[in-house]
Amino acid sequence: MTVAASARVALVVLARGVTGLYLGDKAGQTRALLATSHDGSPCLSLRDKRGKSRAALFTRADGSPSLELWDKHETKRAALDLTPIVKGAKTAKSTLTLLDAHGTVIWQAPR
């Protein structure tokens, strides 16, 4: 999202009722966006000076948290996910996944 170069901070309503707090740089590029998705799930997106997504921390619709990191081409390179504890389960299932520049999994734990 790019806004007028003079806008540095804005409250926005995007498509499908997505709302957010936009923080931009001098050139009007989005650098950070704190938003809620159409289902109300929150997301914090951090972007580079070209406005490309580089990191996001969000909560999925089921309530589970996730952290994703992307390279300069916006290819996902790492993800940390936590599946919520199922009632009666002793532990939650967490995964850490690393991907190459083509999006192929190169390492994951647990396996």
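That block above? That's the structure.
None of these values were measured; they are calculated from a predicted model.

Chemist: Could you give me a rundown of the overall build of the chain, with the residues and numbers involved?
Modeler: Helix and strand counts for the chain stand at zero helices and nine strands. The N-to-C order of helical and strand elements in the chain reads β-β-β-β-β-β-β-β-β. Within the chain, the proportion of its 111 residues that are buried is 31%. Contacts in the chain between residues far apart in sequence, at least 24 positions, make up 7% of those at least 6 positions apart.

Chemist: Go over the environment of Pro42, please, and point to the residues and values.
Modeler: Relative to the helices and strands, Pro42 resides in strand E4 (residues 42-47). By relative accessible area, which is 39% here, Pro42 ends up partly exposed. Dropping the residues within four chain positions of it, Pro42 is found in contact with Ala35, Thr36, Leu57, Phe58 and Thr59.

Chemist: Give a detailed account of the nonpolar core, specifying residues and quantitative values.
Modeler: Within soluble globular proteins, side chains that are nonpolar tend to cluster in buried spots. Ala10, Val12, Val18, Tyr22, Leu33 and Ala35 form the largest nonpolar core, which has six residues in total. Mapped onto this core, the elements with two or more residues apiece are strand E1 (9-13) and strand E3 (30-36).

About the criteria used
- Residues numbered from 1 in each chain as written.
- Predicted model: local features only at pLDDT ≥ 70, side-chain atom pairs only at ≥ 80, totals over all residues.
- Heavy atoms only, no water.
- Helix = DSSP H or I, 4+ residues; strand = E, 2+ residues; numbered from the N terminus.
- Buried < 20%, exposed > 50% of the residue type's maximum accessible area, 1.4 Å probe, protein only.
- Contact = heavy atoms within 4.5 Å.
- Core = buried A, V, L, I, M, F, W, Y, C linked by side-chain atoms within 4.5 Å.

So yeah, pure geometry; function would need other evidence.
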